[in-house]
Amino acid sequence: MEESLGVQTEIFGQIKRYFQIRDVDIRTYSPLTLAYIGDGIYDLVIRSIIVGHGNTRASQLHQHTSHLVKAHTQSEMMEFLLPVLTEEEEDYYRRGRNAKSPTMAKNATMGDYRRATGFEALLGYLYLTDQFDRLLELVNTGLAGVGADEAARTGNMPEAEA
């Protein structure tokens, strides 16, 4: 497992080398750009967990994943993550939370949407700075906090809300 995580921390580095992407100072990225990549990475982590528990119908995979990637769940996860964030991590979360987005998620309160954007910006920052182990640690802590860790691991997710 440890060897596997070492490979995962190199994902963005490999992508940068393969596609010849130049290094950019992370501080120049807007919070919404960080949230954009963080959303994709979080979705990939959750899908990997769900699919890792075996083959099932695509509709069931989607239902389990949707429950965990919705803004409300991400917002709840932040309650458990805030006490364990470093100052720098909290700063990236706060920047994302306070960013003025031109859109808002369906079926989410403005508060949930903003906290979820902050969560995604934090994950984007961790991913782009090759801190994938820390990203996974925080996702695990957040899932455990909302009681979704065991459900995600076993594939026994509560029904997704409409």
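Further up the page is the structure itself.
Here is a short report on the structure shown in this document. The numbering scheme is per chain: residues are counted from 1 as the chain's sequence reads. This being a predicted model, a pLDDT of at least 70 is required before a residue's local features are given, and a value of 80 or more before pairs of side-chain atoms are given or counted; all residues contribute to the totals for chains, interfaces and linings. To obtain the side-chain values, all non-hydrogen atoms of the structure were included, while hydrogens and water were left out.

A closer look at the packing of helix 5 (residues 71–81) against helix 7 (residues 110–128)
Working step 1: Helix axes use the C-alpha atoms of the stretch in contact, all axes being lines fitted to C-alpha atoms, and the angles between their N-to-C directions lie in the range 0 to 180 degrees. In this text, helices come from DSSP runs of H or I with a minimum length of four residues, and strands from runs of E with a minimum of two, each type numbered from the N-terminal end. Relative orientation of the contacting elements helix 5 and helix 7 amounts to 65°, with a least axis distance of 8 Å. The orientation of helix 5 with respect to helix 7, classified from their angle, is roughly perpendicular. When you trace helix 5 past helix 7, the crossing you get is left-handed. For the pair formed by helix 5 and helix 7, the contact residues are Ala71, His72, Gln74, Ser75, Met77, Met78 and Leu81 on the first element and Asp112, Tyr113, Arg115, Ala116, Phe119 and Glu120 on the second. Geometric relationships in this document are graded by angle, where less than 35 degrees denotes roughly parallel, more than 145 denotes roughly antiparallel, 65 to 115 denotes roughly perpendicular, and other angles denote oblique. Note: crossing handedness is left-handed where the near helix turns anticlockwise from the far helix by less than a right angle, and right-handed where it turns clockwise. Between two residues, a contact is recorded if the distance between any of their heavy atoms is within 4.5 Å.

Remarks on the packing of aromatic side chains
The description of two aromatic rings rests on the distance between their centres and on the angle between their planes.
Working step 1: Between 30 and 60 degrees the pair is tilted, below 30 it is stacked and above 60 it is edge-to-face, where a pair is any two Phe, Tyr or Trp rings, Trp via its six-membered ring, whose centres lie within 6.5 Å. Across all of its chains, the model carries four aromatic pairs by this definition.
Working step 2: Their ring planes at 70° and their centres at 4.9 Å tell us that Tyr18 and Phe19 sit as a pair that is edge-to-face. Across the pair, Phe19 and Tyr18 agree in class, each one exposed.
Working step 3: Each ring, one from Tyr92 and one from Tyr125, has its centre 4.0 Å from the other, and the planes form 10°; the classification is stacked. Of this pair, Tyr92 sits in helix 6 (residues 87–98) while Tyr125 is found in helix 7, placing the two residues 33 residues apart along the sequence.
Working step 4: On the basis of relative accessibility, which here comes to 4%, the residue Tyr125 falls in the buried class. Partly exposed residues are those whose accessible area sits between 20% and 50% of the maximum for their type, while under 20% is buried and over 50% is exposed, using a 1.4 Å probe and protein chains only.

Remarks on the pattern of salt bridges
Working step 1: We define a salt bridge as a side-chain nitrogen of Lys or Arg found within 4 Å of a carboxyl oxygen belonging to Asp or Glu. Using the criterion set out here, one finds seven salt bridges in the structure.
Working step 2: When the shortest N-O distance is used, the salt bridge between Arg94 and Glu90 registers 3.4 Å. You can see Arg94 and its partner Glu90 sitting in helix 6, four residues apart, about one turn around the helix.
Working step 3: Arg94 gets classed as partly exposed once you look at its relative accessible area, which sits at 33%.
Working step 4: The partner of Glu137 in a salt bridge is Arg134, with the nearest N and O atoms 2.8 Å apart. You can see Glu137 and its partner Arg134 sitting in helix 8 (residues 132–145), three residues apart, about one turn around the helix.
Working step 5: Judged by its relative accessible area of 45%, Glu137 is partly exposed.
Working step 6: The exposure class of Arg134 is buried, given its relative accessible area of 17%.
Working step 7: Salt bridges sharing common partners tie together Glu89, Arg134 and Glu137.

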